Amino acid sequence: MVTEKQASGVKKRLALHTKIFIGLTVGIVAGLICNATLSDSPQLDWTIRNLISPIGQVFLRMIFMAVIPLIFAALTLGVAELGDLRRLGRIGGKTFAFTLLVTAMSVVIGVTLVNVFRPGEGLDEANRQVLISTLKTQAVQSNIQKAAEAKSFVQTLLDIIPRNPLADAVGAFDENYRGGGILAVMFFSLIIGVALALTKSDRTDVFERWLQGLYDVVMKTIGIAMKLAPYGVAALVFSVVARLGIDVIVMLGKYIAVVMVGLLIHLLGVYSLLLKYLARVSPRSFFGSIKEVMLTAFSTSSSNATLPTSIRVAGENLNLPRQISGFVLTLGSTANQNGTALYEGVTVLFLAQFFGID
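Reference entry: report on the structure contained in this document.

Rules of the game
- Chains are numbered independently. Their residues run from 1 in the order of the written sequence.
- Per-residue local features are limited, in this predicted model, to residues with pLDDT of at least 70; the limit for side-chain atom pairs, both in listing and counting, is 80 or more; totals at the level of whole chains, interfaces and linings are taken over all residues.
- As a rule here, side-chain values cover all heavy atoms of the structure and leave hydrogens and water aside.
- Any two of the Phe, Tyr and Trp rings considered here, Trp counted by its six-membered ring, make a pair once their centres fall within 6.5 Å; the pair's planes then place it as stacked at under 30 degrees, edge-to-face at over 60, or tilted in between.
- Only DSSP runs of H or I covering at least 4 residues are called helices, and only runs of E covering at least 2 are called strands; the numbering of each starts at the N terminus.
- Exposed residues in this analysis have more than 50% of their type's maximum accessible area, buried residues have under 20%, and partly exposed residues fall in between, with area computed by a 1.4 Å probe over protein chains only.
- In this analysis, the expected span of each helix is defined as 1.5 Å times one less than the number of residues it contains.
- Convention adopted: a line fitted to C-alpha atoms gives each axis, helices being fitted over their contacting stretch, and angles between N-to-C directions are expressed from 0 to 180 degrees.
- Angles below 35 degrees are treated as roughly parallel, those above 145 as roughly antiparallel, those between 65 and 115 as roughly perpendicular, and all remaining angles as oblique.
- By definition, any crossing whose near helix is turned counterclockwise from its far helix by less than a right angle is left-handed, and any crossing with a clockwise turn is right-handed.
- We call two residues contacting when some pair of their heavy atoms lies within 4.5 Å.
- Gly counts as polar in this scheme, as do all residues outside two lists: the nonpolar Ala, Val, Leu, Ile, Met, Phe, Trp, Tyr, Cys and Pro, and the charged Asp, Glu, Lys and Arg.
- By nonpolar core is meant a set of buried Ala, Val, Leu, Ile, Met, Phe, Trp, Tyr and Cys residues that side-chain atoms within 4.5 Å join together.
- Patches were defined on residues exceeding 30% relative accessible area and lacking a salt bridge, with like-charge contacts within 9 Å and nonpolar side-chain contacts (Val, Leu, Ile, Met, Phe, Trp, Tyr) within 5 Å.
- In this description, accessible areas are obtained by the Shrake-Rupley approach with a 1.4 Å probe, and a residue is regarded as covered only by the protein chains that are shown.
- One speaks of a salt bridge when a side-chain nitrogen belonging to Lys or Arg is within 4 Å of a carboxyl oxygen belonging to Asp or Glu.
- None of His or the chain ends enter the tally, which takes Lys and Arg as positive and Asp and Glu as negative.
- By convention, the charge on Lys lies at NZ, on Arg at CZ, on Asp at CG and on Glu at CD.

### Thoughts on the packing of aromatic side chains
Applying the stated criterion to the full structure yields 5 aromatic pairs. Plain terms: the ring middles of Phe 207 and Trp 210 are 6.0 Å apart, the flat faces sit at 10° to each other, and that makes the pair stacked. In this pair, Phe 207 and Trp 210 both sit in helix H10 (residues 202-226), 3 residues apart, roughly one turn of the helix. Classification of Phe 207 as partly exposed rests on a relative accessible area of 30%. Residue Trp 210 is classed as partly exposed on the basis of its relative accessible area of 49%. Judged by centre distance (5.7 Å) and plane angle (70°), the ring pair of Phe 286 and Phe 287 falls under edge-to-face. By relative accessible area, Phe 287 is classed as buried at 14%.

See below:
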């Protein structure tokens, strides 16, 4: 006979990060099988475009729709609840210093590896021509044109201060928007938080409680969206792997290996040392607590899409105060992108080696 304890164990649900990992694995395996058997099939392309890819987009859009209200509520409350502006200055200074330190380390790791292993050299001419042909797409040409029209450093700084916060909120995820975007929304939230901390009254207490209510509602919305995460992750990964398959990975094997090794050194080396000696926290325990965040980040490749999960896990698993996690993680999602810094350094030098440019 099955005891009540055994029955409860059977009914125990899988953890969300386990479900996401299963979705990731299913997406990769199914994508490789379909690419190997149906790579030239128009039916596969139609299925990806009309059935599989939309599932992934539904998940991403439900996350993205919560990002702007989350940033506003979390950052404003984080600053207001810190209360003392001197404390805000200390935390902001530490955050800025940490960002400079770990970003510099990630860049050094990436640039060192790409110069030692030189992944852009040694490709045969056939594979070289295949890769060159992929650079002639409309999306790439659009990116090149936008890079040529890049704003000056001074204009970039000015755009962080929004003339119209609503316009920046609307344009935050528009690739063609030329304003401050998410950084401008963060600046607006920061100033409102400072003003709220300096203006304590019965009326501002009502506004602060409204922000707390907004924060709670947004976090519940994110919780609903994350129930779709395993399916969304499987769909997103399948859509990429089924189209590209293993051939592209093999062709770009050295490049991908350099990027992945660099990211692993930064994650397991730099961050583990900082956790152990600076934060006095066990790296194994820390990484175990944020598995859900890591899997979400890996599968979406988006700091903004991962931000809601980061804030929730920071509170639930790491027991961090909301005012600290809301302030630091919100800023970090845009300012502290170590993986992007490492990856872009490797990519630029890889392309230079690939085209024989010093």
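### Quick word on helix H17 (residues 338-354)
Along an α-helix, residues three or four apart share an orientation, since each turn contains 3.6 residues. An ideal rise of 1.5 Å per residue puts 24 Å on 17 residues; H17 measures up with 24 Å between its terminal C-alpha atoms. Directly after H17, the chain includes Gly 356, whose backbone phi takes a positive value near 70°.

### A short note on the packing of helix H15 (residues 303-316) against helix H16 (residues 322-335)
Two elements in contact, H15 and H16, have axes whose closest approach is 10 Å; the angle formed by their N-to-C orientations is 160°. When the interaxial angle is binned, H15 and H16 end up roughly antiparallel. The hand of the H15/H16 crossing is right-handed. Within the contact between the two elements, H15 uses Ser 303, Asn 304, Leu 307, Ser 310, Ile 311 and Ala 314 and H16 uses Ser 325, Leu 329, Thr 330, Ser 333 and Thr 334. Residues belonging to the contact of H15 with H16 are distributed by class as follows: 4 nonpolar, 7 polar and no charged.

### What about the nonpolar core?
Burial of nonpolar side chains together is a common tendency in soluble globular proteins. One finds Phe 59, Leu 70, Tyr 215 and Ile 222 to be the most contacted residues of the largest nonpolar core, which totals 42 residues. Looking at this core, the elements with two or more residues in it are helix H2 (16-38), helix H3 (42-82), helix H4 (85-117), helix H9 (182-198), H10, helix H11 (229-251) and H15. Considering each element in turn, this core owes the most residues, 16 residues, to H3. When sequence neighbours within four positions are dropped, the list of residues in contact with Ile 222 reads Ile 63, Ala 66, Leu 70 and Pro 308.

### Describing a positive patch on the surface
A surface patch of positive charge is lined by Arg 13, Lys 19, Lys 220 and Lys 227. Topologically, Lys 227 is positioned in the loop between H10 and H11. Accessibility expressed as a relative area gives 62% for Lys 227, which makes it exposed.

### Considerations on the environment of Gln 212
The topology assignment puts Gln 212 in helix H10. Between the C-alpha atoms of Gln 212 and Ala 73, which are 139 residues apart in sequence, the distance is 7.2 Å. With residues up to four places along the chain from it excluded, the contact list for Gln 212 reads Leu 77, Glu 81 and Arg 322.

### Quick word on the environment of Gly 326
Take Gly 326: it is sitting in helix H16. According to the relative accessible area criterion, Gly 326 is buried, its value standing at 1%. For the pair Gly 326 and Leu 77, spaced 249 residues apart in sequence, the C-alpha separation works out to 7.7 Å. If near-sequence neighbours (up to four positions away) are discounted, Gly 326 is found in contact with Ala 74 and Leu 75.

### Comments concerning the environment of Met 62
Within the element layout of this structure, Met 62 appears in helix H3. Along the chain, Met 62 and Ile 224 lie 162 residues apart, while their C-alpha atoms are 8.9 Å from each other. With near-sequence residues (within four places) excluded, Met 62 lies in contact with Ile 224, Ala 225 and Leu 228.

Distances and angles like these do not, on their own, reveal function.
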